Amino acid sequence: YISGFNVTHVKRKISSAMMDWKSNPGHKPLVLLGCRQVGKTYSVKEFGKENYEDVVYINFEEMPEQKEIFSGNLDHKTIIDRIETVNRKRMRGGRSLIILDEIQSCNPAFSSLKSLSEQHDIDIIAMGSFLGLKINDDDKSISPLGYVDILNMYPMDFEEFLWAMGYDSRLIESIRSSIQSLDAIDPVINNALNNA
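Residues numbered from 1 in each chain as written. Predicted model: local features only at pLDDT ≥ 70, side-chain atom pairs only at ≥ 80, totals over all residues. Heavy atoms only, no water.

Visitor: Just to check I follow, could you spell out the pattern of salt bridges for this structure?
Guide: Opposite charge on two side chains permits pairing when their charged atoms draw close. Scanning the model with the defined rule gives nine salt bridges in all. A salt bridge links R92 to E53; its shortest N-O distance comes to 2.9 Å. With R92 in the loop between α3 (76-87) and β3 (96-101) and E53 in the loop between α2 (40-51) and β2 (54-59), this residue pair connects regions lying 39 residues apart in the sequence. Note that R90 is salt-bridged to E84, the shortest N-O span being 3.0 Å. By relative accessible area, E84 is classed as buried at 12%. (Salt bridge = Lys/Arg side-chain N within 4 Å of Asp/Glu carboxyl O. Helix = DSSP H or I, 4+ residues; strand = E, 2+ residues; numbered from the N terminus. Buried < 20%, exposed > 50% of the residue type's maximum accessible area, 1.4 Å probe, protein only.)

The structure is reproduced here in structure tokens:
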């Protein structure tokens, strides 16, 4: 919900970056970094809905019982088997996505990204708060650095805001052109944008 507009789908630039990740045949589990409230969960769920037949969503803060899936020193096959059984959903190569949200709340799940990087059939996206600190942790038993792909997500920029407000690409390109050439934006358009 943005400034009086009921937005049913918010286009974000991170979606095309995630599509590039998915299209890379050698991709590893993806870790999405970004501060709180930038839209990580929404964007990843929408990406899953649009690009996979099956999605398992695990939020370790809202579903602490799911932490048991990652207990023990496990190989990737056992982890996938447990995820399938606990969530009652069959994971299929090339068609399934596992989303691990608030993964900072479950160190064994975070550490398991190393093991999960050994399988390439089922896509995995992990995200959470302060993950940048954990990724670079000196404790190499926890940090999966080198076994994951990393993307950064930032707060909505001006272009994404205009998309969310429903402005078309022609107007956005006109505004971009004015800004780049240091020309004044049409005053009527500028007032309308300021009051949006």
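Visitor: Just to check I follow, could you spell out the packing of aromatic side chains for this structure?
Guide: Aromatic ring pairs are defined here through the distance separating the ring centres and the angle between the ring planes. Taken as a whole and judged by the stated rule, the model has two aromatic pairs. Measuring from ring centre to ring centre gives 6.0 Å for F47 and Y52, while their planes differ by 70°; the resulting arrangement is edge-to-face. Seen from their ring centres, F60 and F70 are 5.7 Å apart, and the 70° between their planes marks the pair as edge-to-face. Of this pair, F60 sits in the loop between β2 and α3 while F70 is found in the loop between β2 and α3, placing the two residues 10 residues apart along the sequence. For F60, a relative accessible area of 1% translates into the label buried. Residue F70 is classed as buried on the basis of its relative accessible area, which comes to 2%. Between the NZ or CZ atom of K22 and the centre of the ring of Y52, over which it lies, the distance is 4.9 Å. One cation-aromatic arrangement involves K45 over Y57; the distance from NZ or CZ to the ring centre is 4.1 Å. (Phe/Tyr/Trp six-rings, centres within 6.5 Å; stacked < 30°, edge-to-face > 60°. Lys NZ or Arg CZ within 6 Å of the ring centre and 35° of its normal.)

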